[in-house]
Amino acid sequence: MFQLDDIRCEYHPSSGIAPEVHAFHTFKRQFELHYRNLWEWATDLLHDPQLFPHMVFDVQRFSKFDGKTFVNFLDEPYTAEAFWNIQSQLPEGAKPLAFILYADKTKLSSFGTTRGYPVVARLTNLPTDIRNGQGIGGGYIVGWLPIVKEKKDHAGKPSWVNFKNAIWHEAFLKILSPLASKSSSGQWFECLDSIQRWFFPLILILSADYEEQCVMSLTRGIKSLWPCPVCLVPHVDLLDTLKTYPSRTSNQSQNRETTLKQYGLHDVQNTFWSVALTCVHQALSWDRLHFNGGLYRDHLWAELQKVIASLGRAKVAQMDHNYKAFPRCISFTDGSVYKDISKMVIFTAHAIMTEDECPLGYLLLHCIRLFLEVDMYVVLEVHTTDTIRAGQHAVQAFSTYLQQYITKTADESNKNWNFPKLHMSVHIFNNIKAKGVTCNYNMKPNEKMHGSLKESYLMRTNFRDIAPQILRINHWQVITKSIRRNISNFDEYQLQNVDYVLDEDDFLVDDLVISNDSPHVKLGSRQAPQTFESLENTHKSDSTFTNFCIKLNEFLTNFLLAIQLPLPGRKRVQLKTNDKGHITECHFLKVNYEALVDWCQHTDYLRCNPKFFGASRFDCAFIQTTNKIIFGRLLFVFKCTLDNTDKHLNIFHVRAKLCAQAEFFSVRAIIRGALLVPDGGNDYLVVDTVDTDMFLRVKALHLEAGHIVCV
């Protein structure tokens, strides 16, 4: 008697083989899998003389003294809780060898008819700059999974879904098998330093989008009763991110069908159970790439466009005009277009959708502002207990105001906000505490690798049996990178014996003027020396340069006294208007500063150029004065030789002085660059979403000025 979904197989009559009928779950088909040995790849890194000195095998906890107490901070996976808990379970002297695995389908052909399914591995024992880089020690393709073609007769049936999941996990088991056999009892290995270490391999992080996460965890997907692959949130409560729910565990997943269905799981053997110290649900990680793009682009930005369109063409035109007022250095042509738009949207729309004229739009704008604040906390390169707490508070505030907006628009809109991407924000800071900052498991470095795969497919294959060809080309590319690295290292070694080595900044800006006594700032792109008289005559229509020489003499006298340097000839500075060569205009300024995020040196490149690629560019900056920090615009940079905030949107307003009131500042007083956009008249808005350091600096200025930062 036949059963539902049975498979009938008929052979050609000349074969003499009778037709056969197979039960669906026992029907065998062949699928092509390509993979490389994960353990051998890892041991190659352990023997690499360029990488091994950077490897960390023991978990570390860091704290920084803030003047009162030591504040804990974390960044790498080996500074976070999960690494600590895993090493606590190991025998004394054993070392975790933790892997990051990424898997995602990608379109290879222009029309998407040909697809690939690469699996990329990274090693968490290496620091982020190496692990997420494109060179040796970065991502390595260790597998190419089969893609099961959809059958219209079986699409959507539970047995067919289970079949596809079974194929995926059987294939992935082959990739994991070199680790699975060593994960329970460990493996001794002699590293580059000739020391034998007892390694326990495990999967610490799984980097994937929601669809792949469901396959990895064997959850039943977006329409199931329990759609989250990490916790047991009911489908009807996905929108409520203020509640927390029990986490999923591998023990739940290993029960049979009745219990599995209760937890929204498929009845398929999960390949990750074979690797000790690995819980697939804990390894799955929140992904900023799809959260930011999906939630903002498809939902918040789409809603904002509807609201602005409802206000009429004049408001739409005003919005476009406000975007055009931003500096030309911001681009809208690459893949980060929506990320750039999101950073500017508050500053372009706040005057259009006011609380009095458009309360609903203003509430949406408030939600977007909170979303951006969450995003700024998310991308911090170093997290302290304070930033994690502030980030969690921002998530709760965003959820609260978004629910208010959804409630107020429920009667007018049939939009469904109950989707997993919104719910996944609940897990952001739990992931950070467990596995370090989000760049450790962001999909962006892995998806960047798709570009070379597509190029190999289009330019170097015959479009038949493509997987072996693409993987062979990828292997050649890895070898050439290794050869290129060795050649570069040899060249660098040779240069150590050279008496004169060009300053690296000479390659950035021609004719660089180096301030030997101030590594904080460097001037470049210098113009011909001139007299003060010629300078004032050239700019006689600009009140900024009225009495330029007199005002500069006053500034230099006061400045030299303030920094306790002797006055030339023990007299007040008295530069004369006809003195030759006293002033050299510079169109470029390089500013090094210590970031508040990771306490490392970062660099801003500022321009003060009346004709920079055909248009004027006068950048803005933070400036440290005697009493406080102010924002200023560079009007004229030169070398001289001597013998208020919005109620809910948390916008920092500044007002420009008249040009006639322009002041002199030493370039040493410049802390870093700043981005200001016009807000009518002499008013400007400080764009604090440029980067994470800017975000923290402006927040500190809010607190210093006594502004109430609303959430």
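Residues numbered from 1 in each chain as written. Predicted model: local features only at pLDDT ≥ 70, side-chain atom pairs only at ≥ 80, totals over all residues. Heavy atoms only, no water.

Asks: Report on the overall build of the protein chain, specifying residues and quantitative values.
Replies: A count of helices and strands for the protein chain gives 21 helices and 24 strands. Accessible surface, the protein chain as shown: approximately 36,500 Å² in total, 52% of it carbon and sulfur. (Helix = DSSP H or I, 4+ residues; strand = E, 2+ residues; numbered from the N terminus. Areas by Shrake-Rupley, 256 points an atom, 1.4 Å probe, with all protein chains shown as cover.)

Asks: Tell me about empty space enclosed by the protein, and name the residues and values.
Replies: To find the voids left in a structure, one rolls a probe of water-molecule size over its atoms. The computed volume of the largest cavity comes to approximately 130 Å³. Taken together, Ala 208, Asp 209, Tyr 210, Gln 213, Ser 285, Trp 286, Asp 287, His 290, Phe 291, Pro 420, Lys 421 and Met 424 make up the full set of residues lining the largest cavity. Counting only elements with at least two residues in the lining of the largest cavity, the list comes to α5 (210-217), α9 (288-310) and α14 (420-423). Considered class by class, the residues forming the lining of the largest cavity number 6 nonpolar, 3 polar and 3 charged. (1 Å grid on protein atoms, 1.4 Å probe; cavity = no way out; pocket = protein on both sides within 12 Å on 5 of 7 lines; lining within 4 Å. Points joined across faces, edges and corners; volume = space filled by probe spheres on them. Nonpolar A, V, L, I, M, F, W, Y, C, P; charged D, E, K, R; others polar.)

Asks: Can you explain the layout of surface pockets? Please cite residues and give values.
Replies: What the second largest pocket holds in volume is close to 1,200 Å³. In this structure, the second largest pocket is lined by 38 residues; those nearest its centre are Arg 288, Leu 289, Lys 339, Asn 442 and Lys 444. At the level of secondary structure, the elements contributing two or more residues to the lining of the second largest pocket comprise α9, α11 (337-349), α12 (359-378), α16 (444-448) and α21 (692-704). Considering each element in turn, the lining of the second largest pocket owes the most residues, 7 residues, to α9. Class assignment of the residues belonging to the lining of the second largest pocket gives a composition of 13 nonpolar, 12 polar and 13 charged.

Asks: How would you summarise unusual backbone geometry if you had to cite specific residues and measurements?
Replies: You will see that Trp 599, though not glycine, has its phi angle at about 65°, which is positive. The exposure class assigned to Trp 599 is partly exposed, which follows from its relative accessible area of 27%. Phi at Phe 613 takes a positive value of approximately 55°, unusual for a residue other than glycine. Along the chain, Phe 613 turns up in the loop between β16 (601-612) and β17 (615-618). (Buried < 20%, exposed > 50% of the residue type's maximum accessible area, 1.4 Å probe, protein only.)

Asks: Could you give an account of the pattern of salt bridges, naming the residues involved and the relevant values?
Replies: Any two side chains of opposite charge can pair, given that their charged atoms come close. By the definition in use, this model includes 21 salt bridges. With a closest N to O distance of 2.9 Å, Arg 485 and Asp 48 form a salt bridge. Taken together, the positions of Arg 485 in helix α18 (residues 466-495) and Asp 48 in the loop between α1 (38-46) and β4 (62-65) put the pair 437 residues apart, joining distant regions of the chain. Across the pair Lys 164 and Glu 150 runs a salt bridge, and its minimum N-O distance is 2.4 Å. Taken together, the residues span a long stretch of sequence, with Lys 164 in helix α4 (residues 158-183) and Glu 150 in the loop between β10 (140-144) and α4 at a distance of 14 residues. (Salt bridge = Lys/Arg side-chain N within 4 Å of Asp/Glu carboxyl O.)

Asks: Can you lay out the packing of α9 against helix α13 (residues 385-409) for me, pointing to particular residues and giving the numbers?
Replies: At a minimum axis distance of 14 Å, the contact between α9 and α13 shows a crossing angle of 45°. Judged on the interaxial angle alone, α13 and α9 are oblique. The interaxial crossing formed by α9 with α13 has left-handed handedness. Contacts from Leu 295, Leu 300, Glu 303 and Val 307 of α9 reach α13 at Phe 398, Leu 402 and Tyr 405. (Axes fitted to C-alpha atoms, helices over the stretch in contact; angles between N-to-C directions. Parallel < 35°, antiparallel > 145°, perpendicular 65-115°, else oblique. Left-handed = near helix turned anticlockwise from the far one by under 90°. Contact = heavy atoms within 4.5 Å.)

Asks: Hey, could you go over the sheet that holds strand β23 (residues 676-678) for me, with residue numbers and the actual values?
Replies: Taken in spatial order, the 3 strands make up an open sheet running β21-β24-β23, and their pairing is antiparallel. Strand pairing shows two members of the sheet lacking a second neighbour, β21 (652-655) and β23, which therefore form its edges. Each strand of the sheet is rotated relative to its neighbour by a mean of 35°, with strand direction disregarded. Bridging between β21 and strand β24 (residues 683-686) involves 4 bridges; their strand directions are antiparallel. Directly across from His 653, in β24, lies its bridge partner Leu 685. (Pairing = 2+ DSSP bridges.)

Asks: Describe the packing of α12 against α13, listing the residues and the values that go with them.
Replies: It is the contact of α12 with α13, at a shortest axis distance of 9 Å, that shows an interaxial angle of 155°. If you check the angle between α12 and α13, you find them roughly antiparallel. For the crossing formed where α12 meets α13, the hand is left-handed. Residue composition of the contact of α12 with α13, by class: 16 nonpolar, 5 polar and 1 charged.

Asks: Describe in detail the packing of aromatic side chains, supporting the description with residues and values.
Replies: Counting across every chain of the model gives 34 aromatic pairs. An aromatic cluster is present here, built from Phe 532, Phe 545, Phe 548, Phe 555, Phe 559, Phe 636, Phe 638 and Phe 664 joined pairwise through their rings. Over the aromatic face of Trp 417 sits the side chain of Lys 415, whose NZ or CZ is 5.0 Å from the ring centroid. Above the plane of the ring of Tyr 441 lies Lys 435, whose end atom (NZ or CZ) is 5.8 Å from the centre. (Phe/Tyr/Trp six-rings, centres within 6.5 Å; stacked < 30°, edge-to-face > 60°. Lys NZ or Arg CZ within 6 Å of the ring centre and 35° of its normal.)

Asks: Before we move on, could you go through the pairing of strand β5 (residues 70-74) and cite the residues and values that matter?
Replies: Bridge analysis of β4 against β5 gives 4 bridges, and the strand direction is antiparallel. Following the sheet pairing, Lys 64 is matched in β5 by Val 71. Linking β4 back to β5 in an antiparallel pair, the connection comprises 4 residues, with Gly 67 at a positive phi of about 100°. Alignment of β5 against strand β13 (residues 383-384), held across 2 bridges, turns out to be antiparallel. Of the residues in β13, the one forming a bridge with Leu 74 is His 383.

Asks: Please provide a residue-by-residue account of the pairing of strand β6 (residues 94-103), values included.
Replies: Of all the 10 residues making up β6, 10 are buried; the element is thus mostly covered by neighbouring parts of the structure. The alternating pattern of β6 places Ala 94, Pro 96, Ala 98, Ile 100 and Tyr 102 and Lys 95, Leu 97, Phe 99, Leu 101 and Ala 103 on opposite faces, both of which are buried. In this structure, β6 lies alongside strand β12 (residues 196-207), joined through 9 bridges in parallel fashion. Looking across to β12, one finds that Pro 96 is bridged to Phe 200. Where β6 and strand β9 (residues 118-123) come together, 5 bridges link them in antiparallel fashion. Bridge pairing in β9 places Ile 100 opposite Arg 122.

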